[in-house]
Amino acid sequence: MRVEDRELVAQLCAARAGVRVDVEKTYLIESRLGPVARREGFGSVNDLLTTLRARREDRLAWGIVEAMAHGETAFFRDREPFALFRDEVLPTLAKLRGGEPVRIWSAACASGQEVYSLAMVIEDERARLPGLKVELFGSDLSERQLEKAQSGLYTQFEVQRGLPIRQLVRHFEQDDEMWAISPRIRQMVRWRRINLVADLSTAGRFDVIFCRYVLSSLVEPMKTRLLENLARALGPEGFLFLGRDETATGLGDAFQPVQGRTGLYARNPAFRVAA
Amino acid sequence: MKTCLVVDDSRVIRKVARRILEDIGFEIAEASDGVEALAWCRAAMPEAVLLDWHMPIMDGLEFLKQLRKEPGGDRPTVVFCTVENNIERIREALACGADEYIMKPFDGDIIVTKFAEVGLA
């Protein structure tokens, strides 16, 4: 793969979704774009990129960006954020909202493991939080990922990545070789394609946003933009969960860390949301 | 050091599991069926048991039932590791006192996260 081609891919990803692509990682780029080339009927990744240079077809461009933006995911990834959500964030917000629904958004939900993990926690906590109302949203940049998420079907391998066995038997059904999340859980979630660095003014208002391992995947100039976008979509008493090694510190003034709670952020009251 | 008893009739599986569990700090004991495993437990109760289901002489589920009746047999954390993936059988294993459950094929990551799930890693 020529360096110009790798640079083209990196530019495309940065411009459209803020996604950082290391042009040195030839193997990664080729292995991600191989399936896109095949799907679109090209003989090779080179042919795909030649066509893209000739005519910037949106569908091709987005196919490439989505393939490069694809990250790993797992049920209950890192475990602690979900315990924090269950033990502190959810009960606090349930009380605060009274009879109104708590609105929760899994931003960049990929194939759905994160948002379904939250749905399982909520379902398991209902007895302890009588009258709890919740609206749960999953969004991703990739339509293909969203389709998989909505299907609620996972391989045996995927359901063993972070999912405790008791939650598997409680919330899943066997479907041939696959495991299907129960309709009760699946129907809790609404889905939408959202590009997190684009205009989010129509995304809605949320009490909790899970946006884990997106910040660290972005090019520098887009990081502040992402956080400001999320701040606009978060209610004044809301919480933002970032990934384990991600921090909002030094990236604008939209958020401040919640002391003693790794990865948890609250809106900075001094941050003024631009109209 | 904590001990994990690896119970599987396949020598290859025992070897693979040993390598993964030694990496997270376990001392490993091995048994190739339930009777042998029970003898181990009576001599020295381990902290954890990684347990196959289908084995000759005494299978994993029968071993688990017996183990939980032994003095101190409620202590070990028992993680099934088996090709048995029928949801009703999994429920049965949990009802008989299994703490976690791994469906083969597995990899190191699955074992480590499942052990972490039950507070062992």
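Placed above this text is the structure.
My aim in this report is to walk through the structure given alongside it, one point at a time. (Residues numbered from 1 in each chain as written. Chains lettered and ligands numbered in written order. Predicted model: local features only at pLDDT ≥ 70, side-chain atom pairs only at ≥ 80, totals over all residues. Heavy atoms only, no water.)

1. Examining the overall build of chain B
Counting its regular elements, chain B contains five helices and five strands. Traced from its N-terminal end to its C-terminal end, chain B shows the element sequence β-α-β-α-β-α-β-α-β-α. Over its C-alpha trace chain B gives a radius of gyration of 13 Å, about what one expects of a compact globule, namely 14 Å for 121 residues. Principal-axis analysis of the C-alpha atoms places the extent of chain B at approximately 35 × 30 × 25 Å. Within chain B, the proportion of its 121 residues that are buried is 49%. In chain B, once contacts between residues fewer than 6 apart in sequence are set aside, the share between residues at least 24 apart is 59%. Total accessible area computed for chain B in this model is approximately 5,400 Å², and 50% of it derives from carbon and sulfur atoms. Charge separation in chain B, taken as the distance between the mean sites of 15 positive and 22 negative side-chain charges, equals 2 Å. (Helix = DSSP H or I, 4+ residues; strand = E, 2+ residues; numbered from the N terminus. Rg over C-alpha atoms; globule rule 2.2 N^0.38 Å. Buried < 20%, exposed > 50% of the residue type's maximum accessible area, 1.4 Å probe, protein only. Contact = heavy atoms within 4.5 Å. Areas by Shrake-Rupley, 256 points an atom, 1.4 Å probe, with all protein chains shown as cover. Lys, Arg positive; Asp, Glu negative; His and termini not counted. Charge placed at Lys NZ, Arg CZ, Asp CG, Glu CD.)

2. Digging into the pairing of strand S4 (residues 77-82) of chain B
Side-chain direction in a regular strand flips from residue to residue, so the side chains alternate between the two faces of the sheet. All names here are of chain B. Along S4, six of the six residues are buried, which leaves the element largely enclosed by surrounding structure. Taken together, the four bridges between strand S3 (residues 48-51) and S4 define a ladder with parallel strand orientation. Following the sheet pairing, Leu50 is matched in S4 by Val79. Where S4 and strand S5 (residues 100-103) come together, four bridges link them in parallel fashion. Each residue of the ladder has a partner; that of Thr82, found in S5, is Met103. (Pairing = 2+ DSSP bridges.)

3. Here's the deal with the environment of A:Gly138
Residue and element names in this part refer to chain A. Mapping Gly138 onto the fold places it in strand S2 (residues 134-140). For Gly138 and Val208, which are 70 residues apart along the polypeptide, the C-alpha to C-alpha distance reads 12 Å. Once residues lying within four places of it in the same chain are set aside, the contact partners of Gly138 are Ser106, Cys109, Val115, Leu146, Val189, Arg190, Trp191 and Arg192.

4. Digging into the side chain of A:Glu125
Mapped onto the elements, A:Glu125 comes out in helix H6 (residues 113-125). Sequence-distant contacts of A:Glu125, that is, excluding residues within four places in its chain, are made with A:Arg86 and A:Leu90.

5. Things to note about a negative patch on the surface
A grouping of A:Glu173, A:Asp175, A:Asp176 and A:Glu177 is seen on the molecular surface, where their side chains present a negatively charged patch. Along the chain, A:Asp176 turns up in the loop between strand S4 (172-175) and strand S5 (178-181). (Patch = residues over 30% accessible without salt bridge, like charges linked within 9 Å, V, L, I, M, F, W, Y side chains within 5 Å. Salt bridge = Lys/Arg side-chain N within 4 Å of Asp/Glu carboxyl O.)

6. A few points about the nonpolar core
Core analysis: the biggest nonpolar cluster contains 66 residues, and A:Phe85, A:Leu136 and A:Phe172 have the highest contact counts within it. Of all hydrophobic cores here, the second largest spans 30 residues; its members include A:Val219, A:Leu234, A:Ala248 and A:Phe255. (Core = buried A, V, L, I, M, F, W, Y, C linked by side-chain atoms within 4.5 Å.)

7. A closer look at the environment of A:Pro236
All names here are of chain A. Checked against the element boundaries, Pro236 lands in strand S8 (residues 234-241). With 130 residues separating them along the chain, Pro236 and Ser106 place their C-alpha atoms 18 Å apart. Ignoring anything within four residues of it in the chain, the contact list for Pro236 reads Arg205 and Arg267.

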